[in-house]
Amino acid sequence: MTGFADARGSHGNLRWRWEAKSVNGRGLDFRFRAPAGYEGLESGARTLAGERFKRGSFQILLTAASEESTRGFRIDPVALADAVRIAKKLSDETGLPPARVDGLLALKGVVVQEESAALDDDARMKRDAAMLESLAGALDHLMRARANEGGKLETILLRQVADIERLTGDARELAQKQPAMLRDRIVTQLKELLAPGSSISEDRVAQEAALLASRADMSEELDRLSAHAHEARALIAGKEPAGRKLDFLSQEFNREANTLCSKSSDIQLTHIGLALKAVIDQFREQVQNVE
């Protein structure tokens, strides 16, 4: 399911904003983006998302900024020394001009934002807890948005299941007429093949018709289609995430419809089988949106 939610929060002089987006996905895919110094929040964010969602592709974005009056920077001497050493080595080996100071300071990790660097463990834990609490609110909002979309999908899926049940019933009525149709067809074909005046054994005709009817028997496929439709209704009405189960069920629907078409010896029955496949394909596409 698709959805978007955001949440803002503050802690001391820090202000932040979370953005949570979701799109369809076969499994649970999680992508996290945050400014430097906030990477440690990813584990907590994954836990919060995993508690609320079972399926979908999620993007969690954090932006954070401190008030100008409290913002400061310092140089990490170890990182700077490493950068100078590497730059000098490259200059000696290649003959290129030595690196400029502005270039060295632009390297990631050389200049550190003072606020992040100054936080002790206790202060960092309190800050992270406040940030994750606001993320939980955003994810709750996203969950409600997905639930609203799920309500609309439920109506669509139930209508498609009803179409499958209707077409299955139509196919069952025609399938019951197939033995008689096969018998008439055999009689016609034998009369065309046999010499004029030749008699046709009723037993022989009955044997051939029974053999063909047995091969073309669709009762098992039709029973399974009905059972799958009943199971689909139960999954849709249930409270647990059912997207993966419905996805598997759509494959079973399609398998039975394919067999129905292959066994059909009547053009009307074939048309019903093709209509079934079309509805099942629409059902499968919608199921990809279900958690």
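Refer to the structure presented above.
Residues numbered from 1 in each chain as written. Predicted model: local features only at pLDDT ≥ 70, side-chain atom pairs only at ≥ 80, totals over all residues. Heavy atoms only, no water.

(A) Focus on the overall build of the protein chain. If you tally the helices and strands in the protein chain, you get nine helices and six strands. For the protein chain, buried positions account for 34% of its 291 residues. Within the structure as shown, the protein chain displays about 17100 Å² of accessible surface, and the carbon and sulfur contribution to it stands at 53%. (Helix = DSSP H or I, 4+ residues; strand = E, 2+ residues; numbered from the N terminus. Buried < 20%, exposed > 50% of the residue type's maximum accessible area, 1.4 Å probe, protein only. Areas by Shrake-Rupley, 256 points an atom, 1.4 Å probe, with all protein chains shown as cover.)

(B) Focus on the packing of aromatic side chains. The final tally for this structure, using the stated rule, is three aromatic pairs. Measuring from ring centre to ring centre gives 6.2 Å for Trp18 and Phe32, while their planes differ by 50°; the resulting arrangement is tilted. One end of the pair, Trp18, is in strand S2 (residues 14-23); the other, Phe32, is in strand S3 (residues 28-33), with 14 residues separating them in the sequence. A single burial state applies to Trp18 and to Phe32, both of which are buried. Pairing Phe253 with Phe283 gives two aromatic rings, centres 5.8 Å apart and planes at 90°, and the pair type is edge-to-face. Here the residue Phe253 occupies a position in helix H8 (residues 243-263), and Phe283 occupies one in helix H9 (residues 267-287), the gap between them amounting to 30 residues. Neither residue differs from the other here; Phe253 and Phe283 are each classed as buried. (Phe/Tyr/Trp six-rings, centres within 6.5 Å; stacked < 30°, edge-to-face > 60°.)

(C) Representation of the packing of helix H7 (residues 219-237) against H8 within the structure. Interaxial distance between H7 and H8 falls to 10 Å at its minimum, and their mutual angle equals 160°. Comparing the axis directions of H7 and H8 gives the class roughly antiparallel. Two packed elements cross with a definite hand, and for H7 against H8 that hand is left-handed. Counted together, Glu221, Leu222, Arg224, Leu225, His228, Ala229, Glu231, Ala232, Leu235 and Ile236 of H7 and Lys245, Leu246, Leu249, Glu252, Phe253, Glu256, Thr259, Leu260 and Lys263 of H8 form the full contact between these two elements. Split by residue class, the contact of H7 with H8 holds 10 nonpolar, two polar and seven charged. (Axes fitted to C-alpha atoms, helices over the stretch in contact; angles between N-to-C directions. Parallel < 35°, antiparallel > 145°, perpendicular 65-115°, else oblique. Left-handed = near helix turned anticlockwise from the far one by under 90°. Contact = heavy atoms within 4.5 Å. Nonpolar A, V, L, I, M, F, W, Y, C, P; charged D, E, K, R; others polar.)

(D) Quick peek at the environment of Val290. As for its position among the elements, Val290 is in the segment after H9. Its relative accessible area of 14% is what places Val290 among the buried residues. C-alpha of Val290 to C-alpha of Arg55: the two residues are 235 residues apart in sequence and 8.0 Å apart in space.

(E) Quick look at a nonpolar patch on the surface. On the surface, Ile75, Val101, Leu105 and Val111 cluster together into a nonpolar patch covering about 310 Å² of accessible area. Here Ile75 is to be found in strand S5 (residues 73-75). (Patch = residues over 30% accessible without salt bridge, like charges linked within 9 Å, V, L, I, M, F, W, Y side chains within 5 Å. Salt bridge = Lys/Arg side-chain N within 4 Å of Asp/Glu carboxyl O.)

(F) A look at the pairing of S2. Strand direction decides the pairing type here: strand S1 (residues 3-11) and S2, joined by nine bridges, are antiparallel. Counterpart to Gly3 in the pairing with S2 is Ser22. Hairpin connection between S1 and S2: a loop of two residues separates the two successive antiparallel strands, and Gly12 in this loop has a positive phi of roughly 65°. The pairing of S2 with strand S4 (residues 56-66) spans 10 bridges and is classified as antiparallel. Considered in S4, the bridge of Trp18 is made with Leu62. (Pairing = 2+ DSSP bridges.)

(G) Here's a closer look at the side chain of Ser22. Considering the arrangement of structural elements, one finds Ser22 in strand S2. A polar side-chain atom of Ser22 sits 3.2 Å from a polar atom in the side chain of Arg146. (Polar contact = N/O pair within 3.5 Å; in protein donor to acceptor, adjacent residues only side chain to side chain.)

(H) Looking closely at the side chain of Arg52. Mapped onto the elements, Arg52 comes out in helix H1 (residues 41-52). Of the polar contacts made by the side chain of Arg52, one reaches the backbone oxygen of Leu48; its length is 3.0 Å.

(I) Representation of the sheet that holds S4 in the model. Taking strand neighbours across the sheet as the criterion, the four strands line up as S1-S2-S4-S3 in an open arrangement whose pairing is mixed. Of all strands in the sheet, those bounded by a partner on one side alone are S1 and S3. Each strand of the sheet is rotated relative to its neighbour by a mean of 15°, with strand direction disregarded. Judged from the six bridges that link them, S3 and S4 form a sheet pairing that is parallel. Looking at the pairing, Phe30 lines up with Phe58 of S4.

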